[in-house]
Amino acid sequence: MSLSFTITGQTRIVGIFGDPITHTRSPAMQNAAFRARGLPYIYVPLLVRSPDLRHAVQAIRAYNLVGVNVTVPHKERIVRYLDALSAEADLCGAVNTVINCEGTLLGDNTDGRGFLVSLQERGFSPHRREVVIVGAGGSTRAVLVSLIRAGTERITIANRTLTKAQSLVRAYRTLGKTQLEAVSLDKLQDPLLLKNSALVINCTSVGLHGEPFLPLAFDATPRNCLFYDLLYRPELTSFLRQARNARRAGVDGRRMLLHQGALAFSLWTRQPAPLEVMTRALNRALRTPS
Ligand code: NDP
């Protein structure tokens with residue numbers, strides 16, 4: 001399929017706000033999807049510095065953009081500039097997708113739903129299971145909210161800065177029936193913590209540059225425990241290599257990236273996303289150095 005496209009007077013713009021932004025693979029994925037559906041939309045990276053965020057949001061209306069994706073470092077601060085939030089964005093306190101509804105800007109967060117869809121396609125249900133999350137940053141919030149809403153029995157959050165894990169436990173303790181606990185990273189070596197875990201998730205950036213993952217007793221988990229790394233680069237992270245060495249199944253962050261993008265596509269276009277086209281475009285883009 002050719003990705004060439006003629007810009008005309010009918011062309012509408014979708015953007016992605018971030019700083020830095022050159023690493024993003026979303027333009028390849030979304031533009032392939034727009035072409036596949038025959039939509040006159042174009043998706044462009046927009047470098048937005050933090051002091052300019054408010055003006056950038058006003059420009060969504062001024063230029064009548066279809067909407068934008070939002071990435072680091074703006075996901076949380078953009079909330080204050082929008083007109084309304086979805087229940088999920090409100091719960092996460094973060095937005096990764098803005099939809100321009102005739103000048104009213106609605107913020108949504110598709111990260112958690114994208115994560116859940118990627119679990120479903122593996123045939124994994126978190127309902128009444130025990131989960132360990134490593135990390136307590138922005139991605140943990142989205143994953144945590146989605147797991148609580150999916151009826152997870154128990155979630156342990158291990159983080160380098162323990163107080164951040166503890167404040168997540170306080171913030172989400174009453175959201176569902178899930179038991180939440182915050183622990184320090186050294187607990188990841190305690191077999192007792194891991195012996196009933198059905199899912200262990202890396203929500204940290206550890207491994208992004210090829211560095212070894214944190215000490216964790218991979219062997220102490222049940223044989224059918226699933227290891228999920230939110231990182232989608234490098235192709236085999238240290239976390240997933242160690243899971244494989246312990247003969248446990250692993251999933252990388254590519255499917256979550258795909259599905260959060262597919263959900264955003266549907267919010268902007270009200271059409272089902274062409275998943276195969278997006279998968280191929282994303283895989284091609286991830287093989288290309290940024
Ligand atoms: P944040 O910056 O919000 O959080 C980073 C987390 O990593 C914190 O918990 C931090 O601990 C921890 N951390 C960082 N360095 C270390 C270290 N050396 N040792 C121990 N812990 C460390 O990032 P996000 O949560 O937004 O994203 C995390 C990763 O997930 C990113 O690399 C991102 O690319 C990926 N991601 C993937 C997505 C996908 O679609 N696949 C979606 C969203 C994110 P502390 O609190 O102590 O600083």
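Residues numbered from 1 in each chain as written. Predicted model: local features only at pLDDT ≥ 70, side-chain atom pairs only at ≥ 80, totals over all residues. Heavy atoms only, no water.

*Asks:* Is there a simple way to explain the sheet that holds strand S3 (residues 67–70) in this structure?
*Replies:* Sheet strands associate in pairs through backbone hydrogen bonding, adopting either a parallel or an antiparallel arrangement. As summarised here, the arrangement of the 6 strands in space is S2-S1-S3-S5-S6-S4, forming an open sheet in which the pairing is mixed. A single partner strand is all that each edge strand has here, and the edge strands are strand S2 (41–47) and strand S4 (84–85). Bridge count for strand S5 (residues 97–101) against strand S6 (residues 104–108) is 5 bridges, and the pairing is antiparallel. If you follow Cys-101 over to S6, its bridge partner there is Thr-104. Each of strand S1 (12–18), S2, S3, S5 and S6 is contacted by helix H9 (residues 254–269), which is oriented at about 5 degrees to S5, the strand it contacts most. (Pairing = 2+ DSSP bridges. Helix = DSSP H or I, 4+ residues; strand = E, 2+ residues; numbered from the N terminus. Contact = heavy atoms within 4.5 Å. Axes fitted to C-alpha atoms, helices over the stretch in contact; angles between N-to-C directions.)

*Asks:* I keep staring at unusual backbone geometry and nothing clicks. Help me out?
*Replies:* In most cases, non-glycine residues show a negative phi, while peptide bonds are predominantly trans. Of note, the amide linkage connecting Asp-19 to Pro-20 takes the cis form, showing an omega dihedral of 5 degrees. As for its placement among the helices and strands, Pro-20 is situated in the loop between S1 and helix H1 (26–36). Residues other than glycine seldom take positive phi values, yet Glu-102 does so here, at roughly 50 degrees. Mapping Glu-102 onto the fold places it in the loop between S5 and S6. Judged by relative accessible area, which is 82%, Glu-102 ranks as exposed. You will see that Arg-270, though not glycine, has its phi angle at about 55 degrees, which is positive. Within the secondary structure, Arg-270 sits in the loop between H9 and helix H10 (275–287). For Arg-270, a relative accessible area of 77% translates into the label exposed. (Buried < 20%, exposed > 50% of the residue type's maximum accessible area, 1.4 Å probe, protein only.)

*Asks:* I keep staring at the site of the ligand and nothing clicks. Help me out?
*Replies:* For the ligand, the set of nearby residues contains 21 residues, the closest of which are Ser-139, Asn-159, Thr-161, Lys-164 and Leu-230. Here an oxygen atom of the ligand sits 2.9 Å away from a polar atom, N or O, in the main chain of Ala-136. For the ligand, whose accessible area on its own is 940 Å², the fraction buried by protein is 75%. Of all the secondary-structure elements, those providing two or more residues to the shell around the ligand are helix H5 (138–149) and H9. Taken together, the residues that form the shell around the ligand break down as 10 nonpolar, 9 polar and 2 charged. (Near = heavy atom within 4 Å. Polar contact = N/O pair within 3.5 Å; in protein donor to acceptor, adjacent residues only side chain to side chain. Areas by Shrake-Rupley, 256 points an atom, 1.4 Å probe, with all protein chains shown as cover. Nonpolar A, V, L, I, M, F, W, Y, C, P; charged D, E, K, R; others polar.)

*Asks:* What am I meant to see in the state of the cysteines here?
*Replies:* In protein structure, a disulfide is the covalent linkage between the sulfur atoms of two cysteines. Taken as a whole and assessed by the stated rule, the structure comprises 0 disulfides. Residue Cys-203 stays outside any disulfide, its sulfur separated by 12 Å from that of Cys-92, the closest cysteine. By relative accessible area, which is 8% here, Cys-203 ends up buried. Residue Cys-225 stays outside any disulfide, its sulfur separated by 14 Å from that of Cys-203, the closest cysteine. (Disulfide = S-S within 2.5 Å.)

*Asks:* Would you mind showing me how to read the pairing of strand S8 (residues 154–159) here?
*Replies:* Look at any regular strand and the pattern is simple: side chains alternate between the two faces of the sheet. Most of S8 is tucked away: 5 of the 6 residues are buried. As paired elements, strand S7 (residues 130–134) and S8 share 5 bridges and run parallel to each other. What sits directly across from Val-134, in S8, is Ala-158. Following the backbone out of S7, through H5 and into the adjacent parallel S8, one traces a crossover that is right-handed. (Right-handed = clockwise from strand over helix to strand, strands pointing away.)

*Asks:* I keep staring at the packing of aromatic side chains and nothing clicks. Help me out?
*Replies:* Geometrically, a pair of aromatic rings is defined through the distance of the ring centres and the angle of the planes. Counting across every chain of the model gives 8 aromatic pairs. Judged by centre distance (4.8 Å) and plane angle (65 degrees), the rings of Phe-213 and Phe-239 are edge-to-face. In this pair, Phe-213 is assigned in the loop between strand S10 (197–202) and strand S11 (226–229) and Phe-239 in helix H8 (residues 238–245), connecting sequence segments 26 residues apart. In this structure Phe-213 comes out as buried when scored by relative accessible area, which is 7%. Put simply, the rings of Phe-213, Phe-218, Phe-227 and Phe-239 pair up and form one aromatic cluster. (Phe/Tyr/Trp six-rings, centres within 6.5 Å; stacked < 30°, edge-to-face > 60°.)

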